[in-house]
Amino acid sequence: MVTKRKTNICLLFGGESSEHEVSIKSAREIFPNVDYTKFNVVLCYINSDGNWALDDKLINVLSTDLITYFDDFIIKTADEKIYNVIEKIYKMDIDVVFN
């Protein structure tokens, strides 16, 4: 029997635009409705200053209305691409990005 590999998804939310809050609300709707038997999900938040946060603890923060907590998880990637950081931390390549 061949086991099919799960698709790796990066759920990207937040951002520098005026749609920042809408993006967070969308992520809060999408995340609990993912079929985790088929997909692995990495959460990636961008604050309004353009800084990135990448942490498993973002799962807990998504379930609150306190958006300011996201900034506690900001990572500094310098010139490194976020996909390279995801690969190092989670040991996976991202197949799809939802924004």
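So, a few notes on the structure that sits alongside this text. This structure is a prediction, so every number in the text was calculated from the model and none was measured. (Residues numbered from 1 in each chain as written. Predicted model: local features only at pLDDT ≥ 70, side-chain atom pairs only at ≥ 80, totals over all residues. Heavy atoms only, no water.)

## Points about the overall build of the chain
Link 1 in the chain: In terms of regular secondary structure, the chain is built from three helices and five strands.
Link 2 in the chain: Across the 99 residues that make up the chain, the buried fraction comes to 35%.
Link 3 in the chain: Within the chain, residue pairs in contact and separated by at least 24 positions form 63% of the contacts whose partners lie at least 6 positions apart.
Link 4 in the chain: For the chain, the exposed surface amounts to about 6,700 Å²; the carbon and sulfur share of it is 52%. (Helix = DSSP H or I, 4+ residues; strand = E, 2+ residues; numbered from the N terminus. Buried < 20%, exposed > 50% of the residue type's maximum accessible area, 1.4 Å probe, protein only. Contact = heavy atoms within 4.5 Å. Areas by Shrake-Rupley, 256 points an atom, 1.4 Å probe, with all protein chains shown as cover.)

## Focus: helix α1 (residues 20-30)
Link 1 in the chain: Along α1, the positions that sit buried rather than exposed are H20, S23, I24, A27 and R28. End-on, the buried residues of α1 take up no more than an arc of 140°, which puts them together on one face. In α1, those exposed residues whose orientation departs by more than 90 degrees from the buried face are K25 and E29. (Arc of directions from axis to C-beta.)

## Considerations on the pattern of salt bridges
Link 1 in the chain: The tally for this structure, following the rule as stated, stands at one salt bridge.
Link 2 in the chain: The salt bridge partner of K38 is D35, with a shortest N-O separation of 4.0 Å.
Link 3 in the chain: On the accessibility criterion, D35 (31% relative accessible area) is partly exposed. (Salt bridge = Lys/Arg side-chain N within 4 Å of Asp/Glu carboxyl O.)

## Side note on the side chain of N47
Link 1 in the chain: By the secondary structure assignment, N47 is in the loop between β2 (39-46) and β3 (52-53).
Link 2 in the chain: For N47, a relative accessible area of 5% translates into the label buried.
Link 3 in the chain: A distance of 2.9 Å separates the side chain of N47 from the backbone nitrogen of D49, its partner in a polar contact. (Polar contact = N/O pair within 3.5 Å; in protein donor to acceptor, adjacent residues only side chain to side chain.)

## Section: the packing of aromatic side chains
Link 1 in the chain: Counted under the stated rule, the structure contains two aromatic pairs.
Link 2 in the chain: Judged by centre distance (5.5 Å) and plane angle (45°), the ring pair of F13 and Y45 falls under tilted. Taken together, the residues F13 in strand β1 (residues 7-14) and Y45 in strand β2 connect sequence positions 32 residues apart. Y45 carries the same exposure label as F13, and that label is buried.
Link 3 in the chain: Each ring, one from F31 and one from Y36, has its centre 5.8 Å from the other, and the planes form 70°; the classification is edge-to-face. (Phe/Tyr/Trp six-rings, centres within 6.5 Å; stacked < 30°, edge-to-face > 60°.)

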